[in-house]
There are 2 protein chains.
Amino acid sequence: MKRHYETLTPEGVRLFLAGYETLAVRLGGKPAQWNVREVSDGNLNLVFLVHGPDGSVCVKQSLPHVRVDPEWRMPLDRTAFEAEWLRRAERFAPGHVPEFLLFDPDMFVLVMECLDDFVTLRQALGEDADATGPSRIIAEFVTRIAFSSSLLAGRLEDVMPDMALFAHNTTLTRITFDLVLSDPFCVHPRNHWLSELDQDVMALQNDPAIARAMIRLQQRFLTCPQALLHGDLHSGSVMVRGEQVRVIDGEFSLYGPIGFDCGLYLANLVLARAAARSDERRTHLAEAMEVFWSGFSTHFLSLWQTCALRGDLLAEGTFAAFPSLLHAEREHYLNGIFQDMTGFAAAEIIRRTIGYAQVADFDHLSDTTEKAARQREALTFAGTLLRNPPLSMTEFSVRLED
Amino acid sequence: MKRHYETLTPEGVRLFLAGYETLAVRLGGKPAQWNVREVSDGNLNLVFLVHGPDGSVCVKQSLPHVRVDPEWRMPLDRTAFEAEWLRRAERFAPGHVPEFLLFDPDMFVLVMECLDDFVTLRQALGEDADATGPSRIIAEFVTRIAFSSSLLAGRLEDVMPDMALFAHNTTLTRITFDLVLSDPFCVHPRNHWLSELDQDVMALQNDPAIARAMIRLQQRFLTCPQALLHGDLHSGSVMVRGEQVRVIDGEFSLYGPIGFDCGLYLANLVLARAAARSDERRTHLAEAMEVFWSGFSTHFLSLWQTCALRGDLLAEGTFAAFPSLLHAEREHYLNGIFQDMTGFAAAEIIRRTIGYAQVADFDHLSDTTEKAARQREALTFAGTLLRNPPLSMTEFSVRLED
Ligand SMILES: Nc1ncnc2c1ncn2[C@@H]1O[C@H](COP(=O)(O)OP(=O)(O)OP(=O)(O)O)[C@@H](O)[C@H]1O
Ligand SMILES: Nc1ncnc2c1ncn2[C@@H]1O[C@H](COP(=O)(O)OP(=O)(O)OP(=O)(O)O)[C@@H](O)[C@H]1O
Ligand SMILES: [Mg+2]
Ligand SMILES: [Mg+2]
């Protein structure tokens, strides 16, 4: 049945779901018994959680505009990319994402497993929850998708069509390019910050070393399609319940440099640390960063040993006669990811502090001077990452303590 | 009218063209008056030249196999990519390609302007024709398409859909990846060479420095979509008549590193020089190489000054406040192209000497010892390019004389 796009109301959600037998069966009972609750808290889309006598689903629909700014018009196709991403994430990293249930291309509705009683990792971190467990799991998640979707595991006949598919996600790629990698680095109406930070922002925006780093990161972002990225892996895209972790919201997905996903995640730990309520907490969050990178790098190298798949790049194929060279080149590849990671982490820290869509982490600080001091700490650290990139996680951690 | 694919005969060409009024008008007279001549001399496709009382066309059709090896099955879509490439080449570098006339997606037939009395540059070079004029023009041609199709001139909304389109050209990308960047560097049944070169080939294939360079070039080729490439820019893809130059045969087109096209062209000058009949000719061909790179780099930098288009990368946008930095970063970008160029040139030299589809340039040397010595010179030079990459064209030229 061909439908015409219309924005869902809670009643519309009920009707929509009733039209799909498998979903109606999953929920159980009669549609009138289903409880529909809107939980949209992001910037872009509508999200509903629906519970029936037998089960539940989460319904996500794109709007023809930015949810929090109806003047900002936007095409609807972002849920289509999220659906494509989710199906690949399920395949490559099973158990780390909500189950994909359905995508309706006319209504731009994605239906997935409802994560009951999960909260965002950002909220959990704000409430001093464990950060190392989720970081270990996210490290494994990023490794698996990055490796499996790349030419390290796949042949070009399989990977290039996926590169093509996600290259059409231009709307959200533009958002990332502008909001994360461009606007915060020049005078732009979307930027704003506490006046206490004026000097710091000027120092960042007028520094040619920062500009140079960003010019190169912009190129890495758009012309280095190493693997399928989540594209927006901040702590609001991770949901946790106890030790369980799920990644949601892959609408920004694209082929890009693997260090981009790593960098966004790391940046959000840096921001949580800068906003933390105690020194113990600061130490714990710094530890989570190390856990993240060591988990990532260990998994990544070990996938090369254990993964049955053999791709076109850095695989044994042509160069099987040079095992130690291959090993060294894989380490070199990983170093490249590390470099990208610290650069993109810096951009994300800066963007979340002075650009559009700032993080809630600092909201609990009611004293403006204190808040500015904490944000300055994050900004300063980001500045050193760009001016003088650390060569190892050890250097990164030492720098964090300075 | 929907047609079913069938391989064209000369009679089939006549019928096919008669079915398109614009083409029939171009040729003039009655179909029976048209002269149809098959001129296929490449490895892959059928090519016919057709002359009528009023005009002429060139008809190219893909076969369901490699033309020179019917056992090697191949999908038909390569002429579709050539057609897409040709339309962009016409737009970005008008006058440097045969005029695009028609593409029939059912018959996989591309119809273009017939280049009467043109010969391939390879043939012309073998007959001691001027090499500097064509090199200057090819430099301008590569500059224009590379720059205009890239994110240097275009916004991601325009460029990424083209990246997506050409990412589907997996069949011929596979051929390049295997034949140019893989097979010649390991033991492979498609390789062959004069037995005099056994030692040289062993030295290349067993050198970890060469392997390392190739591992990196493989990555550059598949994961660095800077611009739309021709993808097979050897001297058989360039046609000349007097001072006129046209580039044909863009079926290998893909988004990749700009240095790939430069490198292939340069390599074919190196091969021509190694096969040359006199010292004057060697000097002339070395000069053509310098003309090529200096033309390319000058044009490339000047397009940034003059081009009305402003893309997302390395443009004034975000970083307009840093003009000298931007200038330096553009030079840095150009240096990256130079590095890629010398690496890919080396791969092409090696592949055309010991791999599949070797060049005809050495065919005039009937003395095997002499021929082997000339090929050794080319191979040795390629080896130094990979082991110890030159940092400038001056270094490249000095190395060539050694
Ligand atoms: N599968 C799910 N199960 C339960 N709750 C979910 C699920 N998916 C999303 N949510 C809730 O809905 C909220 C918004 O979801 P999401 O982040 O995907 O929306 P968005 O509009 O794309 O946000 P953003 O501005 O981050 O892009 C989440 O913070 C979460 O609370
Ligand atoms: N537009 C044209 N006008 C005149 N002659 C042409 C034209 N295009 C191609 N030819 C002739 O046909 C020959 C084969 O063309 P082309 O190189 O495009 O075919 P191919 O099968 O793709 O070859 P390759 O093996 O190099 O891929 C050329 O060498 C040239 O002599
Ligand atoms: Mg989202
Ligand atoms: Mg061809």
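As the structure is a computational prediction, the values presented were derived from the model and not from experiment.

Draft legend 1. Focus on the pattern of salt bridges. Going through the model one piece at a time under the given rule, you end up with 54 salt bridges over all chains. Connected through shared salt-bridge partners, Arg155(A), Glu157(A), Asp312(A), Arg174(B) and Asp178(B) make up one network.

Draft legend 2. Up close: the site of ligand 2. Residues and elements named next belong to chain B. Contacts to ligand 2 come from 20 residues, most closely from Asn43, Asn45, Lys60, Leu115 and Glu251. Between an oxygen atom of ligand 2 and a side-chain N or O atom of Asn45, the distance comes to 2.8 Å. Within the backbone of Leu115, one N or O atom sits 2.8 Å away from a nitrogen atom of ligand 2. Relative to its free-state accessible area of 610 Å², ligand 2 is covered by the protein chains to the extent of 93%. At the level of elements, strand 2 (45-51), strand 3 (56-62) and strand 7 (109-113) are the ones that each hand at least two residues to the shell around ligand 2. Among the elements that make up the shell around ligand 2, the one with the highest residue count is strand 2 (three residues). Each residue belonging to the shell around ligand 2 can be placed in one class, and the counts come to ten nonpolar, five polar and five charged.

Draft legend 3. Representation of the site of ligand 1 in the model. All names here are of chain A. As a matter of local geometry, ligand 1 sits amid 20 residues, with Asn43, Asn45, Lys60, Leu115 and Glu251 nearest to it. In this structure, Lys60 approaches ligand 1 through a side-chain N or O atom, which is 2.7 Å from an oxygen atom. The contact in question runs from a nitrogen atom of ligand 1 to an N or O atom on the backbone of Leu115, over 2.8 Å. Protein chains shield 93% of the accessible area of ligand 1, which is 610 Å² for the free molecule. Elements that contribute at least two residues to the shell around ligand 1 include exactly strand 2 (45-51), strand 3 (56-62) and strand 7 (109-113). When residues of the shell around ligand 1 are assigned to their parent elements, the largest contribution, three residues, is made by strand 2. Across the shell around ligand 1, the residue classes tally to ten nonpolar, five polar and five charged.

Draft legend 4. The arrangement of empty space enclosed by the protein in detail. Taken as a whole, this structure holds four cavities of 30 Å³ or more when the rule is applied. In this structure, the largest cavity encloses a volume near 290 Å³. Residues that form the lining of the largest cavity fall into these classes: 21 nonpolar, one polar and no charged.

Draft legend 5. The arrangement of the UniProt feature "domain: Aminoglycoside phosphotransferase" (unreviewed entry) in chain A in detail. The feature "domain: Aminoglycoside phosphotransferase" (unreviewed entry), as annotated in UniProt, sits at residues 36-270 of chain A in this numbering. With 42% helix and 21% strand, the stretch residues 36-270 of chain A has end C-alpha atoms that lie 36 Å from each other.

Draft legend 6. The arrangement of the sheet that holds strand 8 (residues 119-120) of chain A in detail. Residues and elements named next belong to chain A. Read across the open sheet, the three strands follow the order 8-10-11; overall the sheet is antiparallel. Both edges of this open sheet fall to strand 8 and strand 11 (244-247), since each of them pairs with a single strand only. In this structure, strand 10 (residues 238-241) lies alongside strand 11, joined through four bridges in antiparallel fashion. Bridged to Val238 within strand 11 is Val247.

Draft legend 7. Quick look at the relation of the copies chain A and chain B. Least-squares fitting of chain A to chain B yields an RMSD of 0.0 Å, with the transformation described by 0.0 Å of translation along the axis and a rotation of 180°. Both copies of the chain, as the preceding transformation shows, are related through a two-fold rotation axis. Of the C-alpha atoms belonging to chain A, the one lying closest to the rotation axis is found on Ala164(A), 1.9 Å away. An overlap of 98% is found between the interface residues of chain A and their copies at the interface of chain B, pointing to a shared contact surface.

Draft legend 8. Representation of the interface of chain A and chain B in the model. Each side of the interface is counted separately: chain A has 44 residues, and chain B has 43 residues. Interface of chain A and chain B: buried area, both sides summed, is about 4,100 Å²; carbon and sulfur atoms make up 71% of it. Contact with chain B buries area across many residues of chain A, yet Arg174(A), Ile215(A) and Phe319(A) alone supply 15% of it, more than any other trio. Counting the contacts that link chain A with chain B gives six salt bridges. For Glu157(A), the salt bridge is made with Arg174(B), and the minimal N-O distance between the two is 2.6 Å. Viewed at the interface, chain B and chain A are joined by eight residue pairs in polar contact (both at pLDDT 80 or more). Counting only elements with at least two residues in the side of chain A that touches chain B, the list comes to helix 6 (156-167), helix 7 (170-181), helix 9 (208-222), helix 12 (316-319) and helix 13 (323-354) of chain A. Looking at the side of chain A that touches chain B, the element that brings in the most residues is helix 9 of chain A, giving nine residues. Partitioning the side of chain A that touches chain B into residue classes produces 25 nonpolar, eleven polar and eight charged.

Draft legend 9. Inspection of the coordination of the magnesium ion (ligand 3) at higher detail. Bound to the magnesium ion (ligand 3) are the protein donor atoms Asp249(A) (OD), Asp249(A) (OD) and Glu251(A) (OE), situated 1.9 to 2.2 Å from the metal. Taken as a pair, Asp249(A) and Glu251(A) share a single burial class, namely buried.

Draft legend 10. Main features of the environment of Gly154(B). One can find Gly154(B) in the loop between helix 5 (132-149) and helix 6 (156-167). For Gly154(B), a relative accessible area of 11% corresponds to the buried category.

Draft legend 11. Up close: the layout of surface pockets. In this structure, the largest pocket encloses a volume near 1,800 Å³. The wall of the largest pocket is formed by 50 residues, among which Arg220(A), His332(A), Asp340(A), Arg220(B) and His332(B) lie closest to the centre. Within the residue set of the lining of the largest pocket, elements represented by two or more residues are helix 9, helix 13 and helix 14 (368-387) of chain A together with helix 9 (208-222), helix 13 (323-354) and helix 14 (368-387) of chain B.

Draft legend 12. Here's a closer look at the nonpolar core. Counting 234 residues, the largest nonpolar core has Trp85(A), Phe296(A), Phe300(A), Trp85(B), Phe296(B) and Phe300(B) as its most contacted members. Phe300(B) has contacts with Thr143(B), Ala146(B), Phe147(B), Leu152(B), Ile258(B), Tyr333(B), Leu334(B) and Ile337(B), leaving out every residue within four places of it along the chain.

Draft legend 13. Spatial organisation of the environment of Gln375(B). All names here are of chain B. Of note, Gln375 is situated in helix 14. A residue is classified by how much of its surface remains accessible, and Gln375, at 5% relative accessible area, is buried. C-alpha separation for the pair Gln375 and Leu197, spaced 178 residues apart in sequence, amounts to 8.2 Å.

Draft legend 14. A look at the pairing of strand 7 of chain B. Residues and elements named next belong to chain B. Most of strand 7 is tucked away, with four of its five residues classed as buried. As paired elements, strand 3 and strand 7 share five bridges and run antiparallel to each other. By the bridge assignment, Gln61 is partnered in strand 7 with Val109. Where strand 6 (residues 100-104) lies against strand 7, four bridges are found, and the strand directions are antiparallel. Within the sheet, the bridge partner assigned to Asp104 lies in strand 7 and is Val109.

Draft legend 15. Quick peek at unusual backbone geometry. A positive phi is found at Phe108(A), a non-glycine position, where the angle reads about 50°. Checked against the element boundaries, Phe108(A) lands in the loop between strand 6 (100-104) and strand 7. Classification of Phe108(A) by relative accessible area gives buried; the value is 19%. Backbone geometry places Asp117(B), a non-glycine residue, at a positive phi of 70°. Within the fold, Asp117(B) resides in the loop between strand 7 and strand 8 (119-120). Here Asp117(B) falls in the exposed class, since its relative accessible area comes to 64%.

Draft legend 16. The arrangement of a negative patch on the surface in detail. All names here are of chain A. Taken together, Asp130, Glu243, Glu287 and Glu290 make up a surface patch of like negative charges. With respect to the secondary-structure elements, Glu290 resides in helix 11 (residues 279-306). According to the relative accessible area criterion, Glu290 is partly exposed, its value standing at 37%.

Draft legend 17. Region of the structure containing the packing of aromatic side chains. All names here are of chain A. Counted by the stated rule, this structure contains 36 aromatic pairs over all chains. Each ring, one from Phe147 and one from Trp304, has its centre 5.6 Å from the other, and the planes form 90°; the classification is edge-to-face. Residue Phe147 is located in helix 5 (residues 132-149), and its partner Trp304 is located in helix 11; the two are separated by 157 residues in the primary sequence. Phe147 gets classed as buried once you look at its relative accessible area, which sits at 1%. The class of Trp304 is buried, set by a relative accessible area of 2%. Measuring from ring centre to ring centre gives 6.4 Å for Phe166 and Tyr255, while their planes differ by 50°; the resulting arrangement is tilted. Here Tyr255 lies in strand 12 (residues 254-256) and Phe166 lies in helix 6, a separation of 89 residues in the sequence.

So, how was this worked out
- Residues numbered from 1 in each chain as written.
- Chains lettered and ligands numbered in written order.
- Predicted model: local features only at pLDDT ≥ 70, side-chain atom pairs only at ≥ 80, totals over all residues.
- Heavy atoms only, no water.
- Salt bridge = Lys/Arg side-chain N within 4 Å of Asp/Glu carboxyl O.
- Near = heavy atom within 4 Å.
- Polar contact = N/O pair within 3.5 Å; in protein donor to acceptor, adjacent residues only side chain to side chain.
- Areas by Shrake-Rupley, 256 points an atom, 1.4 Å probe, with all protein chains shown as cover.
- Helix = DSSP H or I, 4+ residues; strand = E, 2+ residues; numbered from the N terminus.
- Nonpolar A, V, L, I, M, F, W, Y, C, P; charged D, E, K, R; others polar.
- 1 Å grid on protein atoms, 1.4 Å probe; cavity = no way out; pocket = protein on both sides within 12 Å on 5 of 7 lines; lining within 4 Å.
- Points joined across faces, edges and corners; volume = space filled by probe spheres on them.
- UniProt positions renumbered as here; feature names shortened; annotations may be inferred.
- Pairing = 2+ DSSP bridges.
- Least-squares fit on C-alpha atoms with pLDDT ≥ 70 in both.
- Contact = heavy atoms within 4.5 Å.
- Buried area = accessible area lost by both parts, 1.4 Å probe.
- Donors = N, O, S within 2.8 Å, 3.2 Å for Na, K, Ca; no water.
- Buried < 20%, exposed > 50% of the residue type's maximum accessible area, 1.4 Å probe, protein only.
- Core = buried A, V, L, I, M, F, W, Y, C linked by side-chain atoms within 4.5 Å.
- Patch = residues over 30% accessible without salt bridge, like charges linked within 9 Å, V, L, I, M, F, W, Y side chains within 5 Å.
- Lys, Arg positive; Asp, Glu negative; His and termini not counted.
- Charge placed at Lys NZ, Arg CZ, Asp CG, Glu CD.
- Phe/Tyr/Trp six-rings, centres within 6.5 Å; stacked < 30°, edge-to-face > 60°.

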